[in-house]
Structure formats: structure tokens, C-alpha cells
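Notes for the structure review
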Amino acid sequence: MTGRLTGKIALITGATGGIGSATAELFAREGADLIVTDLAEDALRELAARLAATGAEVFTARLDVSSAESWHEVIERTRQRFGRLDVLVNVAGIVDWPGVEGTTQESWDRVIAVNQTGTWLGMKAAMPLLRASGRASIINTSSVLGLVGSGAAAAYQASKGAVRLLSKTAAVEYATQGIRVNSVHPGVIATPMIQDILDEEGDQQPDIVRTPMRRAGHPGEIAAAMLFLAGDESSFVTGTELVVDGGLTAH
Ligand code: NAD
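Residues numbered from 1 in each chain as written. Predicted model: local features only at pLDDT ≥ 70, side-chain atom pairs only at ≥ 80, totals over all residues. Heavy atoms only, no water.

**Notes on the layout of surface pockets**
- Estimated volume of the largest pocket: approximately 1,100 Å³.
- Residue lining of the largest pocket: 47 residues in total, with Val 95, Trp 97, Tyr 156, Met 193 and Ile 194 positioned closest to the centre.
- Where the lining of the largest pocket is concerned, the elements lending two or more residues are α1 (18-29), β2 (33-38), α4 (105-131), α5 (154-174) and α7 (206-210).
- Counting residues per element, the lining of the largest pocket draws most heavily on α1, at 3 residues.
- Taken together, the residues that form the lining of the largest pocket break down as 24 nonpolar, 17 polar and 6 charged. (1 Å grid on protein atoms, 1.4 Å probe; cavity = no way out; pocket = protein on both sides within 12 Å on 5 of 7 lines; lining within 4 Å. Points joined across faces, edges and corners; volume = space filled by probe spheres on them. Helix = DSSP H or I, 4+ residues; strand = E, 2+ residues; numbered from the N terminus. Nonpolar A, V, L, I, M, F, W, Y, C, P; charged D, E, K, R; others polar.)

If you want it as C-alpha cells, here you go:
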């Protein structure tokens, strides 16, 4: 099937990262026009050049998801260019691995600001344009670490758990306004975020050993889940958590 997002306008945060760029590439191939956003403008330009071959209209914008002002600017540019938004994919995220006592206040505040506050700020800023769509979809990126405890990554786990419930309450709030809200929960995915760990530990990485499929996922496997939630084939799906983890949390 192709053209599953034809006619849709989608904004993606963290779009130059592993999962974000795979999602942008798949959405463009499926016919969406895109606002691709991230911190680094060079990387955004490279991404836009790669997407050009798909024929999609692609517009790049520097966006720090933890800044309300930054969101306001990008949403205003989106309004001027497109007048509405059909899909918001909140992918941007950072990780810090220490547990409760090892986490510094500075790191806690930053992780919460990007992963948790950034997701809320994005939904808040984009709601008027999403409402104008009539059949909009918000996809928030949580994690398996938003579902179960690992004994580490205290700030990250707190933020990803919050993203899960923020998505559910927004799903209820906006269910009759033509805006669906769901969360995606990746397991171990081979992206720059964890590449050092995968390079060092390979298939012996403890979470991969615990994954029934015994491998890391590819960013494209998360993008495929994003595509399902973005398109109209998921029109009765809201408030759900789509786990894409090779079975990691099944046992
Ligand atoms: P990545 O590091 O490749 O991409 C993250 C992107 O977010 C980067 O491009 C980075 O520049 C951007 N970013 C960071 N801070 C930002 C900010 N303040 N404003 C805007 N953009 C910012 O990592 P990834 O693996 O592609 O992660 C994407 C999402 O998936 C994250 O939310 C992450 O927590 C989640 N996730 C990843 C895994 C995994 O194993 N890779 C597992 C579960 C969840």
C-alpha cells in the first residue's frame, strides 16, 4: 500500500535522530507534507535534501521542544504556510541513565523539560491547528521504560511514564474534537541514543538478552507504528499505548 498519508500535513520533532528521521522518510514516501524540526539546522537541511526525492513538500524549522517560545514560532510558521496540521509526532527525547541517588537536579530538570514538558508544550501549542484538521492524530513517543521499571534512568523513566498518562488524558479530552492521541513505546532500538552501548555490548546487552526476539529493533520498525497511528486506518484508535519491543515487556 502506498499513499497512506496523502494530503496530510505532519510535524515531527527530533526529526534528525534515528527514529525521527526514519519516521520522516516513511511519512514522505507515503505522501505527507512535512514540517521537520530538531535542534541542529545543518542536520535538518541534510534531511530535507534526502526527502526531496519523494516529492513531498518539506519545510525545516529549528525547534527546542522545551521552549514555549520556540513552539509558538514554529506553529505560527506552520499556520502561515499550511493553515492546519493533521499529525503531530513528538519524537524528541534525551536520556540520562543514573538511578534515584545518582541523578543530579540539573539532569533531572533537563530530562523532564525535554521529554515531559516538551511533549505537553507541543500538544498545547499545536491544538488549534490540529482542531482545524477535523481528523488529527498526535503520537507521543514514550518507551518500554514508560511501562516498567528498570532500576536505573530515574528521570527518563519518570518522564516517559508521564508521557503515557498525558497521552491518555488528552485522548479523553479531545476525543469529540477530531483529535486522537496515542503513545508509542519502543524497546531497544538501534539509534544514536544507545549506539555506544550497542557497539560495546552487542547482542550481550542485557535488554537484548531479555528481548524474546534477541535483537535490537530498527528505527523503521518504530516508524511503521507511527504510520499506522498517523493515518486514517487507525481512526477508532485513541488513548492506546502501542508497544514495539520484540516482546521485551511480554514477560
Ligand atoms: P536520537 O538521539 O537518535 O534522537 C533524538 C533526537 O531528539 C535528536 O535528533 C536530538 O537532536 C533531538 N532532541 C534532543 N533534545 C531536543 C530538544 N530540546 N528539542 C528538540 N529536539 C531535541 O534518539 P532516538 O532513539 O531516535 O529517540 C527518539 C525517541 O525515542 C526519544 O523520545 C527516545 O526517548 C525514544 N526511545 C528510544 C529508544 C531507543 O532504544 N533508541 C527506546 C525507547 C524510546
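**Details of the pattern of salt bridges**
- Scanning the model with the defined rule gives 13 salt bridges in all.
- Of the charged contacts, one joins Asp 64 and Arg 110 as a salt bridge, the two residues approaching to 3.9 Å between their closest N and O atoms. Separated by 46 residues along the polypeptide, Asp 64 in the loop between β3 (58-62) and α3 (68-82) and Arg 110 in helix α4 bring together distant segments of the chain.
- In this structure, the salt-bridge partner of Glu 76 is Arg 79, at a minimum N-O distance of 2.7 Å. Of this pair, Glu 76 and Arg 79 both sit in helix α3, 3 residues apart, which is roughly one turn of the helix.
- A relative accessible area of 27% means that Glu 76 is categorised as partly exposed.
- The partly exposed category is assigned to Arg 79, whose relative accessible area is 43%. (Salt bridge = Lys/Arg side-chain N within 4 Å of Asp/Glu carboxyl O. Buried < 20%, exposed > 50% of the residue type's maximum accessible area, 1.4 Å probe, protein only.)

**Some details on the environment of Trp 97**
- Tracing the backbone shows Trp 97 in the loop between β4 (87-90) and α4.
- Counting along the chain gives 56 residues from Trp 97 to Ala 153, while the straight-line C-alpha distance between them is 4.0 Å.
- With residues near it in sequence (within four places) discarded, Trp 97 still touches Ala 152, Ala 153, Ile 194 and Ile 197. (Contact = heavy atoms within 4.5 Å.)

**Regarding the pairing of strand β5 (residues 136-141)**
- When you tally the buried positions in β5, you get 6 out of 6 residues, the bulk of the element.
- By the alternation rule, side chains of β5 split into Ala 136, Ile 138 and Asn 140 and Ser 137, Ile 139 and Thr 141, which are all buried.
- Judged from the 4 bridges that link them, β4 and β5 form a sheet pairing that is parallel. Among the inter-strand pairings, Val 87 is bridged to a residue of β5, identified as Ser 137.
- Handedness of the crossover joining β4 and β5 through α4: right-handed.
- Once you follow β5 into α5 and on to strand β6 (residues 179-186), the crossover reads as right-handed. (Pairing = 2+ DSSP bridges. Right-handed = clockwise from strand over helix to strand, strands pointing away.)

**Details of the sheet that holds β3**
- The 7 strands are arranged β3-β2-β1-β4-β5-β6-β7 in an open sheet whose pairing can be described as parallel. Each having just a single partner strand, β3 and β7 (241-244) make up the two edges of the open sheet. When the angles between neighbouring strand axes are averaged without regard to direction, this sheet yields 15°.
- Here α5 sits on the sheet in contact with β5, β6 and β7, set at roughly 160° to β6. (Axes fitted to C-alpha atoms, helices over the stretch in contact; angles between N-to-C directions.)

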